[in-house]
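# Results of the structural survey
Single-letter residue listing:
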Amino acid sequence: MEKNSHHIVIAGDLLPSGNNVSLFEEGNSKVVFGEKVLELFSNSVFSIFNLEGPLTNSNKAMEKTGPVIKASKECIKGVKGLGVKAVALANNHITDYQGEGLNDTIKLLDDNGISYLGVGENVNNIKKSISLSIGNKRVCIYNVSETFYNIPTDSTPGVNLYDEYVVCNDIRNLKQTHDYLIVIYHGGTEEFQYPSPLLRQHFHRMADCGADFITAQHTHCIGCYEEYNGSYLLYGQGNFLFSRMKNKITKKGLISEIVFSGKEVQIKQHVVSVTDEDVVRYDEVQDLSGFYERSRELLDFGKVEDKYHNFAYSKPSIKTRFLKAYRGDTMYYRLINKLSSNFYKKHLMEKYRREQLLRIAKTLESERYGEDMFAAIRYMLENN
């Protein structure tokens, strides 16, 4: 550690699962994280990661599509053993076990002296940020998420959602009283190692409003970075320890270290890897060549947009998810998929007329049609 320097450590997505659950419950943090990761956290003046789901023993799961995940209350022992100072909770899984799951998590964090941000008991009571004194600087950490099944109402809990008008005003106001502003943003395209056009637009606008460092979590893979308008934009931090995912690129992540030394601010990236035993280790190779190569590709963003469109079309979990949703997940389609998944995908594509695809595209692109469609579907869900 440099003399007279102060370090903030930011890690990606973490939730106990698989072979590491018992280690977390026992508080065996040395085995879960390894000495070098523990040292990185202990040498920092402040540390934070994204807790990718509630710590609860509740069985009252939210009604939703996709995975519904949690870890036991006892796992807080391993989290505390890391020495982390705070956790970001604005993500797509923190409300998977509704208000009880979120409340259990917050109480555990409070009882163990770990701060949190990004959530609240209702839409009018969201804890969006944390302020820190780092050396002679005032630093703010702001946590926000894209919209998933995590929307707060007047009477139900949820997260700080990305509403551009609100978030940009928050950032402008916070920057007036802080020297350095960090945004932890939960969003982006899973397993895509570049920013989508919308993600890049969001990051640029937050940077224009005063954010100095912005990181995207949720993508579950190491992406790339961009220096824009004096800000450092990290498009994909990757997992810290989220062993539920099996794709090779989801087994590595970055721990971002922000070093304050006098008037200078330096950003370092550390590669960590999830092992076959579902624990995380500081990567001895520290190969960032792919990260820097992808970052250079951002200079020609037209090509990156082409990569995004090709990725969205070719990845089955994206393409068929939405086509199936519009067509209807009937017993007929399930049977075809079971008999031959390749034939199912081809059959599903051929069932759409061009007029139908145009109508779907218009609904998704148009705020007006999208709002109307959501209202109609919400009514059907509530009255069926």
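Notes on the structure follow. (Residues numbered from 1 in each chain as written. Predicted model: local features only at pLDDT ≥ 70, side-chain atom pairs only at ≥ 80, totals over all residues. Heavy atoms only, no water.)

This part covers the pairing of strand β7 (residues 129-134). Here β7 shows a buried face lined by Ile130, Leu132 and Ile134 and an unburied face lined by Ser129, Ser131 and Ser133. Pairing between β7 and strand β8 (residues 137-145): six bridges, direction antiparallel. Counterpart to Ser133 in the pairing with β8 is Arg138. If you look at the hairpin formed by β7 and β8, you'll find two residues sitting between the two strands, and Gly135 has a positive phi there, around 60 degrees. (Buried < 20%, exposed > 50% of the residue type's maximum accessible area, 1.4 Å probe, protein only. Helix = DSSP H or I, 4+ residues; strand = E, 2+ residues; numbered from the N terminus. Pairing = 2+ DSSP bridges.)

As a further point, take the pattern of salt bridges. Using the criterion set out here, one finds 14 salt bridges in the structure. Lys36 serves as the salt-bridge partner of Glu284, at 3.2 Å between the closest nitrogen and oxygen. Highlighted residues: Glu284 in the loop between β17 (280-282) and α7 (289-297) and Lys36 in helix α2 (residues 29-42), separated in sequence by 248 residues. Relative accessible area serves as the criterion here: at 59%, Glu284 is assigned to the exposed category. With its nearest N and O atoms 2.7 Å apart, the salt bridge here joins Glu226 to Arg200. One end of the pair, Glu226, is in strand β12 (residues 222-228); the other, Arg200, is in helix α6 (residues 197-208), with 26 residues separating them in the sequence. Accessibility assignment for this pair places Glu226 and Arg200 in one class, buried. (Salt bridge = Lys/Arg side-chain N within 4 Å of Asp/Glu carboxyl O.)

Moving on to the sheet that holds strand β9 (residues 158-159). Taken in spatial order, the three strands of this open sheet run β6-β5-β9, and their pairing is antiparallel. Two strands in the sheet have a free side with no partner beyond their single neighbour: β6 (126-127) and β9. As paired elements, strand β5 (residues 119-120) and β6 share two bridges and run antiparallel to each other. Across the sheet, Val119 pairs through a bridge with Lys127, a residue of β6.

Quick look at the layout of surface pockets now. When its volume is computed, the second largest pocket comes out at roughly 320 Å³. Along the walls of the second largest pocket sit 13 residues, with Gln193, Ile222, Lys252, Asp287 and Arg294 positioned nearest its centre. Among the elements that make up the lining of the second largest pocket, the one with the highest residue count is α7 (four residues). Broken down by class, the residue content of the lining of the second largest pocket amounts to five nonpolar, three polar and five charged. (1 Å grid on protein atoms, 1.4 Å probe; cavity = no way out; pocket = protein on both sides within 12 Å on 5 of 7 lines; lining within 4 Å. Points joined across faces, edges and corners; volume = space filled by probe spheres on them. Nonpolar A, V, L, I, M, F, W, Y, C, P; charged D, E, K, R; others polar.)

In space, the six strands of this open sheet follow the order β7-β8-β10-β11-β13-β12, with mixed pairing throughout. Two strands in the sheet have a free side with no partner beyond their single neighbour: β7 and β12. With direction set aside, neighbouring strand axes in the sheet form an average angle of 15 degrees. Note that strand β10 (residues 180-186) and strand β11 (residues 213-217) share five bridges and pair parallel. The residue of β11 that forms the bridge with His186 is Gln217. Strands in contact with α6 are β10, β11, β12 and β13 (231-237); relative to β13, the strand with the most contacts, it is inclined by about 150 degrees. Each of β12 and β13 touches α7; the most contacted strand, β12, lies at about 50 degrees to it. (Axes fitted to C-alpha atoms, helices over the stretch in contact; angles between N-to-C directions. Contact = heavy atoms within 4.5 Å.)

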